[in-house]
Amino acid sequence: MFFKSIAAVLCSLILGNYVAAKEPLSLIDAVDGRFDMGVGIGSQAFRLPENRELVLKHFNYVTPENCMKFAATQPVEGNFQFEKADEFVELAHRHGLKVLGHCLIWAKDDRTPEWFYRDGDKQVEPEVLMQRMKTHIETVVQRYKGRVQSWDVVNEAIGDRNDEYLRDSVWAKLLGDDFIVEAFRYTHELDPEALLIYNDYHCHEQWRRDRMERLVKKIQQENVHIDAIGIQGHYNLDDVPYQSLEELLILLRKLNVKIAISELDIDMIPRNGWWAEGGKNRDQLAKFNPYPDGCPPELLDRQAEQFAKLFDLFEKYEDVILRVSFWNIHDGESWLNTFPWKRDNYPTLFDRNRQPKPAYHAVIKSLTRSIPCCEYSKMAA
Ligand code: GLA
C-alpha cells in the first residue's frame with residue numbers, strides 16, 4: 001500500500017508538471033486517437049505560417065471557414081470559382097491534414113446566392129431548383145473527391161421557430177425535406193467513400209432535437225446514407241447546456257448516427273440580446289465592447305472550466321464522437337469579433353499572440369485525465 005501510494009504521488013507529480021509546463025502536449029497528442037481534432041480556418045488565415053504552425057501542431061482535421069460555401073464557389077450560375085478552395089485543399093493535403101468539405105448546401109435564404117431561386121423575373125420551379133442543387137453538388141464533389149474526407153452535405157435546415165420543422169426558406173417551401181434526402185443520396189452516389197454529415201446549431205434544445213430526430217429518421221427510412229450529425233457547438237459563457245447536450249448525444253447514439261462537434265467556441269460577450277425583443281437593443285449593443293484591453297482573468301478561468309466540462313462530456317461519448325472541431329484558430333481570428341456586432345472577443349483556446357489560454361490547459365487536463373498513469377493515481381488516492 002505504502003509503495004502504491006508513493007508511486008501514485010510520483011506519477012501525478014510527473015504528470016502534473018507535464019501538463020502545467022509551458023509547452024505541454026499538443027491537443028492531438030492528448031486526445032490520443034480517441035477522436036479527430038479539428039479547426040475551422042479562413043483560407044487567408046491558413047496561408048499565414050504562424051497560424052499554420054499552430055494548426056499542424058494541434059489538429060489533424062481542417063474545415064474551410066468560407067471558401068467552399070456556394071456563395072464562394074458558384075456566385076453566378078455556371079461560373080464556378082475554385083481558386084481559394086483549391087489552394088485550401090492543396091495546402092491541407094500537402095500537410096497531411098484531413099478536410100471537411102463545408103458545406104455543399106446551406107439551406108438559408110440569405111446564404112444562398114439569389115440566382116438559385118430565380119428564373120428570369122419569376123421564382124424558380126421546384127424541379128429546376130433540384131437540378132441546380134445536383135449540378136452544384138456534382139461539380140464540387142467531383143473536384144475534391146478523394147482529398148476531402150467528409151462533407152457537410154446540408155447546413156442549418158432546421159427551423160428557428162418552434163412551430164416549424166424546417167426553416168422558412170425557398171428550399172423548404174419548394175422541396176420540403178426532399179432536397180435534404182436527395183442531397184445525401186446524390187453525394188453518396190458521387191463519393192461513396194466520404195463521410196456524410198448533416199450540420200446544425202442549437203440542436204440540444206428540446207424542440208430542435210425533435211426535428212433533428214424527424215429528419216434523421218426520414219433520411220434513414222428512404223434508405224439514404226447518412227453517417228453523422230454535426231453539432232456546431234457555438235456556446236455562450238455561463239450558459240453551456242450540458243444536460244440537454246447530453247440528451248442529444250444519447251438520442252443520436254440511439255438513432256445510430258455518429259457525431260461531430262463541428263464549430264466549438266465559447267462567446268465571452270454573449271450575443272443572444274441581439275435577437276431578443278425584435279432586435280430593439282441593437283443600437284445599444286452595437287457600442288458594447290467591455291474588454292477592449294484584454295479579457296479579465298476570472299472570465300478566462302470560467303471559460304476554462306466550461307470548456308473542460310464539455311470535454312469531460314465528449315470523452316464520455318467517445319464511442320460515437322468522431323471529431324471535435326473548434327471554430328477559428330485563435331481569438332484574433334474568431335468570427336465573434338464581428339458577428340453580430342464589432343467587439344473584442346475571446347472565444348477560442350489560443351490568445352491573439354497564439355499562446356495557450358487557461359482554456360487550453362483545462363482541455364489538455366481533461367483529455368489526459370484518463371491516461372493509465374492518471375487512472376492509477378486516482379485509484380490509489
Ligand atoms: C455557421 C456556419 C459556419 C460559419 C459560422 C460563423 O455556424 O456553419 O460556416 O459561417 O456560422 O462563422
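Our structure is the block above this text.
Residues numbered from 1 in each chain as written. Predicted model: local features only at pLDDT ≥ 70, side-chain atom pairs only at ≥ 80, totals over all residues. Heavy atoms only, no water.

Draft legend 1. How the structure looks around the site of the ligand. If you check the shell around the ligand, you find Glu65, Lys69, His102, Trp106, Asn155, Glu156, Gln232, His234, Glu263, Trp327 and Trp335 and nothing else. A distance of 2.5 Å separates an oxygen atom of the ligand from a polar side-chain atom of histidine 102. At a separation of 3.2 Å, an oxygen atom of the ligand approaches a polar side-chain atom of tryptophan 327. In the shell around the ligand, the residues fall into three nonpolar, four polar and four charged. (Near = heavy atom within 4 Å. Polar contact = N/O pair within 3.5 Å; in protein donor to acceptor, adjacent residues only side chain to side chain. Nonpolar A, V, L, I, M, F, W, Y, C, P; charged D, E, K, R; others polar.)

Draft legend 2. Layout of the pattern of salt bridges. Per the counting criterion, the structure on display carries 28 salt bridges. Linking arginine 161 and glutamate 164 is a salt bridge whose minimum nitrogen-to-oxygen distance equals 3.6 Å. Look at arginine 161 and you get partly exposed, because its relative accessible area is 45%. Taking the shortest distance from any N to any O, the salt bridge between aspartate 267 and arginine 343 comes out at 3.1 Å. Pair noted here: aspartate 267 is in strand 10 (residues 258-267) and arginine 343 is in the loop between strand 11 (321-327) and helix 14 (358-368), with a separation of 76 residues, a long-range link. Taking the relative accessible area as the measure of exposure, aspartate 267 reaches 0% and is therefore buried. Among the charged side chains, a network of salt bridges with common partners joins Arg34, Asp312, Glu315, Glu318 and Arg369. (Salt bridge = Lys/Arg side-chain N within 4 Å of Asp/Glu carboxyl O. Buried < 20%, exposed > 50% of the residue type's maximum accessible area, 1.4 Å probe, protein only. Helix = DSSP H or I, 4+ residues; strand = E, 2+ residues; numbered from the N terminus.)

Draft legend 3. Quick look at helix 7 (residues 126-144). With 19 residues, helix 7 extends 27 Å between its outermost C-alpha atoms, agreeing within 8% with the 27 Å of an ideal straight helix rising 1.5 Å per residue. Following helix 7 by one or two positions, glycine 146 adopts a phi angle in the positive range, close to 90°. (Expected span 1.5 Å × (residues − 1).)

Draft legend 4. Structural detail: unusual backbone geometry. For the bond from histidine 102 to cysteine 103, the omega torsion is -5°, close enough to zero to count as cis. Mapped onto the secondary structure, cysteine 103 falls in strand 3 (residues 98-106). Omega for the bond connecting phenylalanine 339 with proline 340 falls within 30 degrees of zero, at -5°, which places this linkage in the cis form. Relative to the assigned elements, proline 340 resides in the loop between strand 11 and helix 14. Despite not being glycine, histidine 202 shows a phi value in the positive range, around 50°. Mapped onto the elements, histidine 202 comes out in the loop between strand 7 (195-200) and helix 10 (206-221). You will see that asparagine 223, though not glycine, has its phi angle at about 60°, which is positive.

Draft legend 5. View of the state of the cysteines. Going through the model one piece at a time under the given rule, you end up with zero disulfides. Here cysteine 203 is not disulfide-linked; the sulfur of cysteine 103 is the nearest cysteine sulfur, at 15 Å. (Disulfide = S-S within 2.5 Å.)

Draft legend 6. Structural context of the nonpolar core. Membership of the largest hydrophobic core comes to 118 residues, with the highest contact counts inside it found for Trp151, Val154, Trp171 and Phe179. Those residues in contact with valine 154 that lie beyond four places of it in its chain are Ile105, Ala107, Phe179, Ile180, Ala183, Phe184, Ile197, Tyr198 and Asn199. (Core = buried A, V, L, I, M, F, W, Y, C linked by side-chain atoms within 4.5 Å. Contact = heavy atoms within 4.5 Å.)

Draft legend 7. Spatial organisation of the side chain of threonine 348. Examined against the element boundaries, threonine 348 turns out to sit in the loop between strand 11 and helix 14. The class of threonine 348 is buried, set by a relative accessible area of 3%. Among all residues touching threonine 348, those that are not within four sequence positions of it are Gln303, Phe307, Trp327, Asn328, Ile329, His330, Asp331, Ser334 and Lys357.

Draft legend 8. Examining the packing of helix 11 (residues 242-254) against helix 13 (residues 297-316) more closely. At a minimum axis separation of 11 Å, helix 11 and helix 13 run at an interaxial angle of 20°. Considering their axes alone, helix 11 and helix 13 lie roughly parallel with respect to each other. As helix 11 packs across helix 13, the resulting crossing turns out to be right-handed. On helix 13, the residues touching Tyr242, Leu245, Glu246, Leu249 and Arg253 of helix 11 are Gln306, Lys309, Leu310, Leu313, Phe314 and Lys316. In terms of residue class, the contact of helix 11 with helix 13 is built from six nonpolar, one polar and four charged. (Axes fitted to C-alpha atoms, helices over the stretch in contact; angles between N-to-C directions. Parallel < 35°, antiparallel > 145°, perpendicular 65-115°, else oblique. Left-handed = near helix turned anticlockwise from the far one by under 90°.)

Keep in mind these values describe shape, not function.
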